[in-house]
Amino acid sequence: MAVPSDVRRAQPGDQADGLRRLFSTRTVRFIPVVSNPFVAQESVLIRQVCAALEQLGLYTLVVDVCDHVRAPVRETGGRLDPLVDLADRIQVLTDRTASLPARGLPARWTNASGSTQGFLQAVIDAAPLSQAVVVHGSASELARLFGRGELHLSRPRPIVICDEQPDAMTHAYAALKVLSQRADWVSHDLLVSAAAGSAGIRLVKDRLAQCAALFFGGVRHDSVDIDPRAVVLPATASASLMAFMEASMNAAAAFVLPEMGRRGPVPVTSSPLLQPMV
């Protein structure tokens, strides 16, 4: 599947202007989040990201494309079937949030150049009313998905996850290096898992920023800290995280879609995210 040719990137002058642009047209915005297997509470951080987007009033789909787990292969008539009905795999979490376990699936949309950008179009087709799509995967997988801007695909700013552990810091730096080398992707945001008031938070941020700037010209834009142990209500995000995600939405990859026609009533047993455009 080809990525729509009329994709454009919004470049707001300020945050309020970004929100006006966000809702002035029918868009799906992709936010890549780089996985880090050494962060023990990574799943809590992802849930908090989704909670912040939900509190911003957005219909959110979180897509897990981590490539360390191979998806089952379906056979049809003795041959492999590359087509997958992604809509059937979507799991509704709340009225505004759903998840799509898609580990290993993007490879089925690989084109001759090794890009898997067609998978992004398939995600839009599966949940066309999504406003924010959080794509959680390794640096290598995200580089194949978003590439170097081919087919006029706008370049989002990835969110890198880290904590105070040396292995997590090493992995985060290696991920930034992969994005730089394979997709010419040098700017990023940082989401740090750490106890509130920890003295090591500043060290983590400074060391990653210095290494990225020194070795491949990397630039960190925004950063935010989350204490997973202090998360009492999973569906509630802090004001700082909401501001962080609001800025991330302004820097996300924007797919502009055709205007939707009239839609029929939404079944109460289904999330509006899953309703087809007519």
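Predicted model, so just to flag it, every value in this text is computed and none were measured.

This brings us to the packing of aromatic side chains. Taken as a whole and judged by the stated rule, the model has five aromatic pairs. Here Trp109 and Phe119 contribute two aromatic rings whose centre-to-centre distance is 5.4 Å and whose plane-to-plane angle is 65°, an arrangement assigned as edge-to-face. With a gap of 10 residues between them, Trp109 in the loop between β6 (97-101) and α3 (118-126) and Phe119 in helix α3 connect regions that are remote in the sequence. For the residue pair Trp109 and Phe119, the accessibility class agrees, reading buried in each case. Note on Tyr173 and Phe215: the rings are 6.3 Å apart at their centroids and 70° apart in plane angle, and the pair reads as edge-to-face. In this pair, Tyr173 sits in helix α5 (residues 166-183) while Phe215 sits in helix α6 (residues 200-216), placing the two residues 42 residues apart along the sequence. Exposure remark for Phe215: the relative accessible area of 55% places this residue in the exposed category.

With respect to the helices and strands, the residue Phe255 is situated in strand β11 (residues 253-256). Along the primary structure Phe255 and Thr27 are separated by 228 residues, whereas in three dimensions their C-alpha atoms are 5.3 Å apart.

Another aspect to go through is the confidence of the model for the protein chain. In the predicted model, the protein chain carries a mean pLDDT of 79, and the fraction of residues at 70 or more is 73%. Note on residues 1-16: pLDDT is under 50 here. Beyond four places in sequence and across chains, it has 42 contacts. The low-confidence segment residues 260-270 (pLDDT under 50) makes 14 contacts with residues lying over four places distant or belonging to another chain.

Tracing the backbone shows His188 in strand β9 (residues 187-193). By relative accessible area, His188 is classed as buried at 3%. Beyond its immediate chain neighbours, meaning those up to four positions away, His188 contacts Arg157, Pro158, Val160, Leu176, Val219, Arg220, His221 and Asp222.

For Arg182, the location among the structural elements is in helix α5. By relative accessible area, which is 48% here, Arg182 ends up partly exposed. Measuring from C-alpha to C-alpha, the distance between Arg182 and Leu142 comes to 9.9 Å, with 40 residues separating the pair along the chain.

Our focus in this paragraph is the environment of Ile124. With respect to the element layout, Ile124 can be found in helix α3. Using a relative accessible area of 4% as the deciding quantity, one classes Ile124 as buried.

Think of it this way: side chains of opposite charge can pair up when their charged atoms draw near. Using the criterion set out here, one finds seven salt bridges in the structure. With a closest N to O distance of 3.4 Å, Glu141 and Arg144 form a salt bridge. Of the two residues, Glu141 and Arg144 both sit in helix α4 (residues 139-146), three residues apart, roughly one turn of that helix. Residue Asp225 is joined to Lys205 by a salt bridge in which the shortest nitrogen-to-oxygen separation is 2.9 Å. Linking Asp225 in strand β10 (residues 219-226) with Lys205 in helix α6, this pair joins segments that are 20 residues apart in sequence. Overall, Lys205 belongs to the buried group, its relative accessible area being 7%. One salt-bridge network, held together by shared partners, links Arg157, Asp189 and Asp222.

The biggest cluster of nonpolar side chains holds 73 residues, and the ones touching the most others in it are Phe30 and Phe119. In this structure Phe30 touches Leu120, Val123, Ile124, Val133, Val135, Phe146, Pro156, Ala252, Ala253 and Phe255, once residues within four positions along its chain are discounted.

For α6, spanning 17 residues, the distance from its first C-alpha to its last is 24 Å, which sits close to the expected 24 Å at 1.5 Å a residue. The complete set of buried residues in α6 reads Gly200, Ile201, Val204, Lys205, Leu208, Ala212 and Phe216. Buried residues of α6, viewed axially, fall in a sector of 145°; they line one side. The exposed residues of α6 that point more than 90 degrees off its buried face are Gln210 and Leu214.

Cut-offs and rules
- Residues numbered from 1 in each chain as written.
- Predicted model: local features only at pLDDT ≥ 70, side-chain atom pairs only at ≥ 80, totals over all residues.
- Heavy atoms only, no water.
- Phe/Tyr/Trp six-rings, centres within 6.5 Å; stacked < 30°, edge-to-face > 60°.
- Helix = DSSP H or I, 4+ residues; strand = E, 2+ residues; numbered from the N terminus.
- Buried < 20%, exposed > 50% of the residue type's maximum accessible area, 1.4 Å probe, protein only.
- pLDDT = per-residue confidence, 0-100.
- Contact = heavy atoms within 4.5 Å.
- Salt bridge = Lys/Arg side-chain N within 4 Å of Asp/Glu carboxyl O.
- Core = buried A, V, L, I, M, F, W, Y, C linked by side-chain atoms within 4.5 Å.
- Expected span 1.5 Å × (residues − 1).
- Arc of directions from axis to C-beta.

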